[in-house]
Amino acid sequence: MVDVPTLVEQAREGRPRAVARLISLVEGASPQLREVMAALAPLAGNAYVVGLTGSPGVGKSTSTSALVSAYRRAGKRVGVLAVDPSSPFSGGALLGDRVRMSEHASDPGVYIRSMATRGHLGGLAWSAPQAIRVLDAAGCDVILVETVGVGQSEVEIASQADTSVVLLAPGMGDGIQAAKAGILEIGDVYVVNKADRDGADATARELNHMLGLGESRGPGDWRPPIVKTVAARGEGIDEVVEALEKHRAWMEEHGVLAERRTARAAGEVETIAVTRLRERIGDLHGDRRLGALAERIVAGRLDPYAAADELVAGITGES
């Protein structure tokens, strides 16, 4: 058993090993997870969470690393959750992002953690919300969450971040892909990286056109800016930080930040509740109640919906 109060206190002091241990407890769905979350609850809620997403090859990790450098120059403590695809065999992450951000490894003001999606659709590991809370409680001012490459199911970052950054690059057909994947609805800031390549201006124009087509914004609404960068050289990164800070200020002014965080908490509660119900339903395989309901369906005495209602009532104790 882990001494959770001591571990939390050490994490608050900025000790990387304590932070790592807490996130490992989260990822492993430890029996002490409830105790960990109870200890962290009053300490979290101060960090600014920025999600970065985009197709493979647009330079997410390079951009994340450049943003870390910019925030560190501003004296901020930074946490990074780099969500990698899982190995289908071991469930472990490829950890490529951590390798690419190795320049920050010796900085005590930066904590970098790679997490495996473990087959979870949406581009985020299922334990990401709790891991974000660990980094928040550990005193990170900014948390950067870099997700698996975007696709039609990988828009979940919008529900987990305060601000969502969508990265694109010229010559990758990203404009059309963005429209297909639905990420034009989730981006608060758009970044055209590798802007020193041919076609960068055209990509920015195409994106601007598409954002205009989908616009139904009123006066005072946030209009996502498009920032061109060359992250490998650090060019345009200060402009990205400026855009992020403007979005944060706008959200605070209009009450959107509180709304997003409340929705995020509600989603987390729902996920935990549904998971617990699924675990209890999973225990019913081979249970005589399930077998008896199935026999009544086969005999035509009961329909599947009514059977499900009976099953749920039996599990939850509802009448």
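See the structure above.
Summarised in this report is the structure supplied together with it. (Residues numbered from 1 in each chain as written. Predicted model: local features only at pLDDT ≥ 70, side-chain atom pairs only at ≥ 80, totals over all residues. Heavy atoms only, no water.)

**Observations regarding unusual backbone geometry**
(1) Moving on: Phi is positive for Ala29, close to 50°, though the residue is something other than glycine.
(2) Moving on: Along the chain, Ala29 turns up in the loop between helix H2 (16-27) and helix H3 (33-40).
(3) Moving on: In the Ramachandran plot, Lys194 falls in the positive-phi region, its phi being about 60° despite a non-glycine side chain.
(4) Moving on: With respect to the helices, strands and loops of the structure, Lys194 is situated in the loop between strand E6 (189-192) and helix H9 (200-213). (Helix = DSSP H or I, 4+ residues; strand = E, 2+ residues; numbered from the N terminus.)

**Quick look at the pairing of E6**
On any regular strand, side chains alternate: one points to one face of the sheet, the next to the other face.
(1) Moving on: Residues Val189 and Val191 line one face of E6 and the alternating positions Tyr190 and Val192 line the opposite face, and both faces are buried.
(2) Moving on: Here strand E5 (residues 163-168) pairs with E6 via four bridges, running parallel. Residue Val166 lies in a different strand from E6, and its bridge partner there is Tyr190.
(3) Moving on: Strand direction decides the pairing type here: E6 and strand E7 (residues 226-228), joined by three bridges, are parallel. Bridge pairing links Val191 to Val227 in E7. (Buried < 20%, exposed > 50% of the residue type's maximum accessible area, 1.4 Å probe, protein only. Pairing = 2+ DSSP bridges.)

**Quick word on the packing of aromatic side chains**
(1) Moving on: Enumeration according to the criterion identifies one aromatic pair in this entry.
(2) Moving on: Considering the side-chain rings of Trp222 and Trp250, the 6.0 Å spacing of their centres and the 45° angle between planes classify their relative orientation as tilted. Residue Trp222 is located in the loop between H9 and E7, and its partner Trp250 is located in helix H10 (residues 237-254); the two are separated by 28 residues in the primary sequence.
(3) Moving on: For Trp222, a relative accessible area of 16% corresponds to the buried category.
(4) Moving on: For Trp250, a relative accessible area of 17% corresponds to the buried category. (Phe/Tyr/Trp six-rings, centres within 6.5 Å; stacked < 30°, edge-to-face > 60°.)

**Considering the nonpolar core**
(1) Moving on: Formed by 32 residues in total, the largest nonpolar core has its most connected members in Leu67, Tyr71, Leu144, Val165 and Leu244.
(2) Moving on: Examining the composition of this core, we find that seven residues originate from one element, H10, more than from any other.
(3) Moving on: Those residues in contact with Tyr71, other than ones at most four positions away along the chain, are Tyr48, Lys76, Val78, Val142, Leu144, Val241, Leu244 and Glu245.
(4) Moving on: Core analysis: the second largest hydrophobic core is formed by 30 residues, Val4, Ala11, Met115 and Ala137 among them. (Core = buried A, V, L, I, M, F, W, Y, C linked by side-chain atoms within 4.5 Å. Contact = heavy atoms within 4.5 Å.)

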